[in-house]
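# Remarks on the overall topology
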Amino acid sequence: MWLEYEGTPLKWQFPLGVLLDSLEISTEDGPVNLKLYVSQIDLTKVIPCENQDTLKINYLSYLKEANALKYPKENKVLNLKTKYIDQLRELVYKNDTSL
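Along each chain, residues carry numbers from 1 onward, in the same order as the chain's sequence is written. Totals for whole chains, interfaces and linings use all residues, but because this is a predicted model, local features are given only for residues with pLDDT of at least 70 and pairs of side-chain atoms are given and counted only at 80 or more. Hydrogens and water are ignored here; the side-chain numbers use all heavy atoms of the structure.

## A short note on the overall build of the chain
Of the regular secondary structure elements, the chain holds three helices and three strands. We count a stretch as a helix when DSSP gives it H or I for four or more residues in a row; a strand needs E for two or more, and each element gets its number in order from the N terminus. When the helices and strands of the chain are read in sequence order from the N terminus, they spell out β-β-α-β-α-α. Going through the 99 residues of the chain one by one, you find that 23% of them count as buried. At a minimum sequence separation of 6, the contacts of the chain that also span at least 24 residues come to 64%. The rule is simple: take the accessible area with a 1.4 Å probe, protein chains only, and divide by the maximum for that residue type; under 20% is buried, over 50% is exposed, in between is partly exposed. Should any heavy atoms of two residues lie within 4.5 Å, those residues are considered in contact.

Printed below as a string of structure tokens:
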């Protein structure tokens, strides 16, 4: 599975807000048109997401990279303890915004 915006493959591992900001895509004019593909992935541009274990294994790296894109002058994630990163990942999986 992978997403595309106007011919540009999007990295599934980043939160949508980070992707929109990094590509300077505005949502002020209405919805953003994304294409969802379930096959024909371009492995030179997108990391395949095969299952939840793939996400779990790589979550911290993706979180750090997304944070660096969003906040290039500071990295708020580097000082987080592993237990907090695990809790955050579980909240993301559950779509729980109570944090």
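## Looking at the sheet that holds strand β1 (residues 2-5)
Strand order in this open sheet of three strands is β2-β1-β3, and the pairing throughout is antiparallel. Here the strands that pair on one side only, and so sit at the sheet edges, are β2 (8-10) and β3 (35-37). Neighbour-to-neighbour, the strand axes of this sheet turn through a mean angle of 35°, independent of strand direction. DSSP-based pairing: two strands are paired if at least 2 bridges between them are found. Two strands pair when backbone bridges link them, and β1 and β2 are joined in this way by three bridges, in the antiparallel orientation. Only C-alpha atoms enter the line fits that serve as axes; for helices the fit covers just the stretch in contact. Angles between N-to-C directions range over 0 to 180 degrees.

## Description of the side chain of N67
Relative to the assigned elements, N67 resides in helix α2 (residues 52-70). Among residues more than four places away in sequence, those in contact with N67 are E74, N75, K76 and V77.

## Side note on the nonpolar core
Inside soluble globular proteins, nonpolar side chains tend to come together where they are buried. We call a set of buried Ala, Val, Leu, Ile, Met, Phe, Trp, Tyr and Cys residues a nonpolar core when their side-chain atoms join them within 4.5 Å. Y5, L10, F14, V18, L19, L20, I25 and A66 form the largest nonpolar core, which has eight residues in total. Ranked by residue count, the leading element in this core is helix α1 (residues 16-22), at three residues. Ignoring sequence-local partners within four residues, the contact set of L19 consists of L10, K11 and F14.

## Focus: the pairing of β1
Pairing of β1 with β3 involves three bridges; the strand directions are antiparallel. From the neighbouring strand, W2 faces β3, where its bridge partner is Y37. Hairpin connection of β1 to β2: two residues between the antiparallel strands, including E6 at a positive phi of 45°.

## Quick word on the environment of P9
Relative to the elements of secondary structure, P9 occurs in strand β2. Through-space distance from the C-alpha of P9 to that of L36 is 9.9 Å; in sequence the pair is 27 residues apart.

Honestly, it's all geometry; don't read function into it.
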